[in-house]
Amino acid sequence: MTTTSVPEFQHRTVLLDEAVDALDLNGARANGIYIDGTFGRGGHSRLILSRLGPDARLIAFDKDLQAIANAETIGDARFTIVHDSFATMADALAERGIPAVDGILMDLGISSPQVDDAARGFSFRNDGPLDMRMDTTRGMSAAEWLATESEKTLEKVIREYGEERFAFQIAKAIVARRAVEPISSTRQLAGIVAGAVKTREKGKDPATRTFQAIRIFVNKELEDLESALNQAFNALKPGGILAIISFHSLEDRMVKQFLASKAKVEQPDRRLPIKAVDLPQPELKLLGRVMPSDKEVEENPRARSAVMRVAMRLPAAGGAP
């Protein structure tokens, strides 16, 4: 039997205390059932476990084999790790006979070890194979996708997922280069993008948006998030808490709009003869938005774009709180 080693790359969990505090692990809630949607290197999971009671359960998800290997070092009977996307949480709960949970934390950020390990292909700062898959056991690598995708789709992905205004020029340059040689390394791709992007924000590498776009597309991050948001809402008990940490505008916009859709309901014309008890009721209560402190951003610059949104599931109209 082979095991996956865990390279020694440092990771600082963003909004560590704030996220676990948001789950309100006090009183009877300390013995509830919770989900950590992205185990990463386990910062949130370990702190959650330290605050849970003896009868609690924590189920964590991750697609990354190195994260799974790290999670398997936790010797705690209350803890379960699932090697899959958080978009499979409904099936995972059903398999375990769990109808509902007390809280769900979803940290949508890519972990520092993934970025810092050149072999993973996430970063343009160090040369490595152009992979970018969170789960290297399945799916198409970034290099394979770039080698076969049409120029039109390349442009669409880079524009929409990277919010890159030079998407047309970048896609054209990629297609031109791959006709000459395979694009197989991060340094190659970064160089192609740098040649196509004529201006860029101060202090930001020209390849930043393109690498983000390709990573999001290859890993189906936004599709998984859309599915997971609905599953998370359906899995929460009344009073259950959902906390989501986003790191870029596409994610945060999706989270914000989803929470708002459940927290605000369109009311019928007041002139209609409808009893108050029969009026549409909100299903979520928004509990606020949390940003990293100046101190955290100073100590961990990768936290600067993070935003956490927190909401609580409300009881159904006429139901018990």
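This structure is a prediction, so every number in the text was calculated from the model and none was measured. (Residues numbered from 1 in each chain as written. Predicted model: local features only at pLDDT ≥ 70, side-chain atom pairs only at ≥ 80, totals over all residues. Heavy atoms only, no water.)

### Quick word on the overall build of the protein
Looking only at helices and strands, the protein has 13 helices and seven strands in total. Its C-alpha radius of gyration of 21 Å places the protein within 12% of the 20 Å reference for a compact globule of 321 residues. Seen through its principal axes, the protein has C-alpha atoms that stretch 70 × 60 × 40 Å. Looking at the protein as a whole, 49% of its 321 residues are labelled buried. Partitioning the intrachain contacts of the protein with sequence separation of at least 6 by distance along the chain shows that 68% fall at a separation of at least 24. Carbon and sulfur atoms make up 52% of the accessible area of the protein, which totals about 16000 Å². If you average the places of the 43 positive and of the 45 negative side-chain charges in the protein, the two averages end up 5 Å apart. (Helix = DSSP H or I, 4+ residues; strand = E, 2+ residues; numbered from the N terminus. Rg over C-alpha atoms; globule rule 2.2 N^0.38 Å. Buried < 20%, exposed > 50% of the residue type's maximum accessible area, 1.4 Å probe, protein only. Contact = heavy atoms within 4.5 Å. Areas by Shrake-Rupley, 256 points an atom, 1.4 Å probe, with all protein chains shown as cover. Lys, Arg positive; Asp, Glu negative; His and termini not counted. Charge placed at Lys NZ, Arg CZ, Asp CG, Glu CD.)

### What to know about the packing of helix α9 (residues 186-196) against helix α10 (residues 208-218)
One way to put it is that α9 packs onto α10 with a least axis distance of 9 Å and a crossing angle of 125 degrees. In terms of their interaxial angle, α9 and α10 are classed as oblique. Relative to α10, α9 is oriented so that their crossing is right-handed. Here Thr186, Leu189, Ala190 and Val193 of α9 come into contact with α10, specifically with Thr210, Phe211 and Ile214. Grouping the amino acids of the contact of α9 with α10 by side-chain chemistry returns five nonpolar, two polar and no charged. (Axes fitted to C-alpha atoms, helices over the stretch in contact; angles between N-to-C directions. Parallel < 35°, antiparallel > 145°, perpendicular 65-115°, else oblique. Left-handed = near helix turned anticlockwise from the far one by under 90°. Nonpolar A, V, L, I, M, F, W, Y, C, P; charged D, E, K, R; others polar.)

### A few points about the sheet that holds strand β3 (residues 79-83)
The mixed open sheet is built from seven strands, whose spatial order is β3-β2-β1-β4-β5-β7-β6. Strand pairing shows two members of the sheet lacking a second neighbour, β3 and β6 (284-290), which therefore form its edges. Recorded for the sheet is a direction-independent mean angle of 15 degrees between the axes of neighbouring strands. Helix-sheet contacts for helix α2 (residues 43-51) involve β1 (33-36), β2 (57-62), β3, β4 (101-107) and β5 (236-246), and the interaxial angle to β2 is about 175 degrees. On top of the sheet, helix α11 (residues 221-235) reaches β4, β5, β6 and β7 (307-313); it is set at about 155 degrees to β5, its chief contact. (Pairing = 2+ DSSP bridges.)

### Details of the packing of helix α7 (residues 151-162) against α10
The contact between α7 and α10 brings their axes to 8 Å, and the two run at 100 degrees. On the basis of the axis angle, α7 is roughly perpendicular to α10. Seen from α7, the contacting residues are Val157, Ile158, Tyr161 and Gly162; seen from α10, they are Arg209, Thr210, Gln212, Ala213, Ile216 and Phe217. Among the residues making up the contact of α7 with α10, the classes are represented as six nonpolar, three polar and one charged.

### Regarding the pattern of salt bridges
On inspection of all chains with the given rule, the structure shows 19 salt bridges. Linking Arg96 and Glu95 is a salt bridge whose minimum nitrogen-to-oxygen distance equals 3.8 Å. For Arg96, a relative accessible area of 30% puts it in the partly exposed group. The class of Glu95 is exposed, set by a relative accessible area of 65%. Residue Lys295 is joined to Glu299 by a salt bridge in which the shortest nitrogen-to-oxygen separation is 2.6 Å. Of this pair, Lys295 and Glu299 both sit in helix α13 (residues 294-299), four residues apart, which is roughly one turn of the helix. Residue class for Glu299 comes out partly exposed when judged on its relative accessible area of 45%. A cluster of three or more residues bridged by salt bridges with shared partners is formed by Asp17, Asp21 and Arg51. (Salt bridge = Lys/Arg side-chain N within 4 Å of Asp/Glu carboxyl O.)

### Description of α11
For α11, spanning 15 residues, the distance from its first C-alpha to its last is 20 Å, which sits close to the expected 21 Å at 1.5 Å a residue. If you check which residues of α11 are buried, you get Glu221, Leu222, Asp224, Leu225, Ala228, Leu229, Gln231, Ala232, Phe233 and Ala235. (Expected span 1.5 Å × (residues − 1).)

### As for the side chain of Asp107
Tracing the backbone shows Asp107 in strand β4. In terms of polar contacts, Asp107 uses its side chain to reach the backbone amide nitrogen of Gly109, at 3.1 Å. Contacts of Asp107, omitting those with residues within four sequence positions, involve Thr38, His44, Ile245 and Phe247. (Polar contact = N/O pair within 3.5 Å; in protein donor to acceptor, adjacent residues only side chain to side chain.)

### Section: the pairing of β1
Look at any regular strand and the pattern is simple: side chains alternate between the two faces of the sheet. Here β1 shows no split at all, with Ile33 and Ile35 on one side and Tyr34 and Asp36 on the other all buried. Alignment of β1 against β2, held across four bridges, turns out to be parallel. Across the sheet, the residue bridging to Asp36 is Ala60, located in β2. After leaving β1, the chain enters α2 and then returns to the sheet as β2, a path that is right-handed. Sheet topology places β1 next to β4; three bridges connect them, and they run parallel. Bridge pairing in β4 places Asp36 opposite Leu105. (Right-handed = clockwise from strand over helix to strand, strands pointing away.)

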